[in-house]
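Summary of the model geometry
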Amino acid sequence: MTRIRAARIAATAVVPAELALVVCLAAGVRLPGWALAATEALLVGVLLLEARVLHGLYAAERARGADRRAAGRAAVRAVVPVQVRRLVLHELRAVASLGRWAVRGRHGVRAGDLAAAYTGPQTAMMYGMLFVSVIETIGLALLIPWPTVHRIVLLLDVYGILLVLALHAACVTRPHVVRPDGSLRIRYGALFDLAVPADAVASVRVDRRYPEGRLVTLSEDGVLDLIVGSQTSVTLELNRPLPFTRPLGTTGETRTVRFHADDPRALVTALRGRPATSQGPS
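Attention in this report is confined to the structure presented alongside it. These numbers were taken from a predicted model, which means no experiment stands behind them. (Residues numbered from 1 in each chain as written. Predicted model: local features only at pLDDT ≥ 70, side-chain atom pairs only at ≥ 80, totals over all residues. Heavy atoms only, no water.)

**Examining the sheet that holds strand β6 (residues 216-218)**
Paired through their backbone hydrogen bonds, the strands of a sheet run either parallel or antiparallel. We count it as follows: Two strands pair under a simple rule: DSSP has to find at least two bridges between them. Strands here are runs of E lasting at least two residues and helices are runs of H or I lasting at least four, both read from the DSSP assignment and numbered beginning at the N terminus. Only the contacting stretch of a helix is used when fitting its axis, a line to C-alpha atoms as for every element, and angles between N-to-C directions run 0 to 180 degrees. Throughout, a residue-residue contact means that at least one pair of heavy atoms, one from each residue, lies within 4.5 Å.
Taking strand neighbours across the sheet as the criterion, the five strands line up as β5-β8-β9-β7-β6 in an open arrangement whose pairing is mixed. The sheet is open, and its two borders are formed by β5 (201-209) and β6, each paired with just one other strand. Sheet twist, expressed as the mean angle between neighbouring strand axes with direction ignored, is 35°. As paired strands, strand β8 (residues 232-245) and strand β9 (residues 251-259) are joined by eight bridges and run antiparallel to one another. Looking at the pairing, T245 lines up with T251 of β9. Sheet strands in contact with helix α7 (residues 264-271) are β5, β8 and β9, and its direction is about 170° off that of β5.

**Some details on a nonpolar patch on the surface**
Note the threshold: Patch building starts from residues that exceed 30% relative accessible area and form no salt bridge, then joins like charges within 9 Å and nonpolar side chains (Val, Leu, Ile, Met, Phe, Trp, Tyr) within 5 Å. Per-residue and other accessible areas follow the Shrake-Rupley method at a 1.4 Å probe size, with only the shown protein chains counted as cover for residues. When a carboxyl oxygen of Asp or Glu is within 4 Å of a side-chain nitrogen of Lys or Arg, the pair counts as a salt bridge. Buried means the residue's accessible area, taken with a 1.4 Å probe over protein chains only, is under 20% of the maximum for its type, while exposed means over 50%, and partly exposed covers the values in between.
Taken together, the side chains of F131, V132, V134, I135, I138, L142 and L143 define a hydrophobic patch exposed on the protein surface, amounting to about 720 Å² of accessible area. Within the secondary structure, F131 sits in helix α5 (residues 120-143). Its relative accessible area of 57% is what places F131 among the exposed residues.

**Remarks on the sheet that holds strand β1 (residues 114-116)**
Reading across from one edge, β1-β2-β3-β4 is the order of the four strands in this open sheet, with antiparallel pairing throughout. The two strands at the open ends of the sheet, each matched to only one other strand, are β1 and β4 (192-196). Across the sheet, the mean angle separating the axes of adjacent strands is 15° when strand polarity is ignored. Bridge analysis of β1 against strand β2 (residues 176-178) gives three bridges, and the strand direction is antiparallel. By the bridge assignment, A115 is partnered in β2 with V177.

**Focus: the packing of aromatic side chains**
Cut-off, in case you're wondering: Pairing of aromatic side chains requires ring centres within 6.5 Å, counting the rings of Phe and Tyr and the six-membered ring of Trp. Pairs whose planes differ by under 30 degrees are stacked, by over 60 edge-to-face, and all others tilted.
What the rule picks out here adds up to two aromatic pairs. With a centroid separation of 5.9 Å and 35° between ring planes, the pair formed by Y118 and Y188 is classed as tilted. One end of the pair, Y118, is in the loop between β1 and α5; the other, Y188, is in strand β3 (residues 184-188), and 70 residues separate them in sequence. In this structure Y118 comes out as buried when scored by relative accessible area, which is 1%. Overall, Y188 belongs to the buried group, its relative accessible area being 1%. Summarising the aromatic geometry, the rings of F192 and F244 are spaced 6.3 Å apart at their centres and angled 50° between planes, so their arrangement reads as tilted. Within this pair, whereas F192 is found in strand β4, its partner F244 is found in strand β8, the two being separated by 52 residues in sequence. Given a relative accessible area of 2%, F192 falls into the buried group. On the basis of relative accessibility, which here comes to 3%, the residue F244 falls in the buried class.

If you want it as structure tokens, here you go:
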């Protein structure tokens with residue numbers, strides 16, 4: 001039990017650091033290379049501890065007669081907090097988006113849908129961070145004289161670069177979607193996904209704002225801001241509260257959603273029932 005408790009504490013402790021990293025990247029905040037490396041090194045250490053404890057629990061479940069799938073699920077639920085499971089799932093989905101981005105594919109977009117991009121405010125910042133990260137990686141590769149440290153730092157730097165690129169790829173390949181029936185899917189990469197039925201839409205308008213706060217911010221009066229590049233451009237009023245799920249699994253309800261679209265007029269027009277042209281990935 002002591003090992004299980006230690007593994008859960010370690011996994012829970014890494015959540016704030018990993019979430020802060022993802023939020024900073026989403027907001028376009030430039031992080032020094034050592035911060036990316038330290039956060040991911042912490043994550044790797046926790047994963048190694050988790051793997052050791054999980055193996056013991058898995059073996060114990062198998063000894064009790066459980067099949068492989070049931071033993072695996074029981075071990076994961078006993079050790080890994082739901083917040084950590086969601087973070088790992090977000091990162092896996094983001095990395096998977098790189099392949100979809102390479103073939104210019106889009107997730108959850110069908111024929112007749114309007115795909116509304118929202119990456120405009122963050123694209124330049126993301127590419128800027130990638131450029132600086134690559135320069136830092138090359139610089140450290142030339143400056144660090146110890147082969148073992150050099151390989152570890154290089155691996156962490158490459159992973160940090162991959163994470164930045166994957167986060168942007170997830171946003172490009174998972175746009176907002178307006179269905180022909182008037183329903184709406186509001187997203188931010190693999191981190192946020194809110195389905196709005198057509199009969200829940202009271203009104204929608206172009207409304208450019210520059211709010212302060214985290215990626216997903218809920219005010220006391222039930223206004224949900226999904227902020228991209230420190231801005232929103234569409235305000236959606238609902239005729240009933242809708243539940244939503246934050247990136248780490250906590251839930252809430254909202255009656256007003258403010259989010260960003262690169263072409264807010266096309267999205268608003270489509271929701272109001274007039275034809276609009278689908279936007280491709282950038």
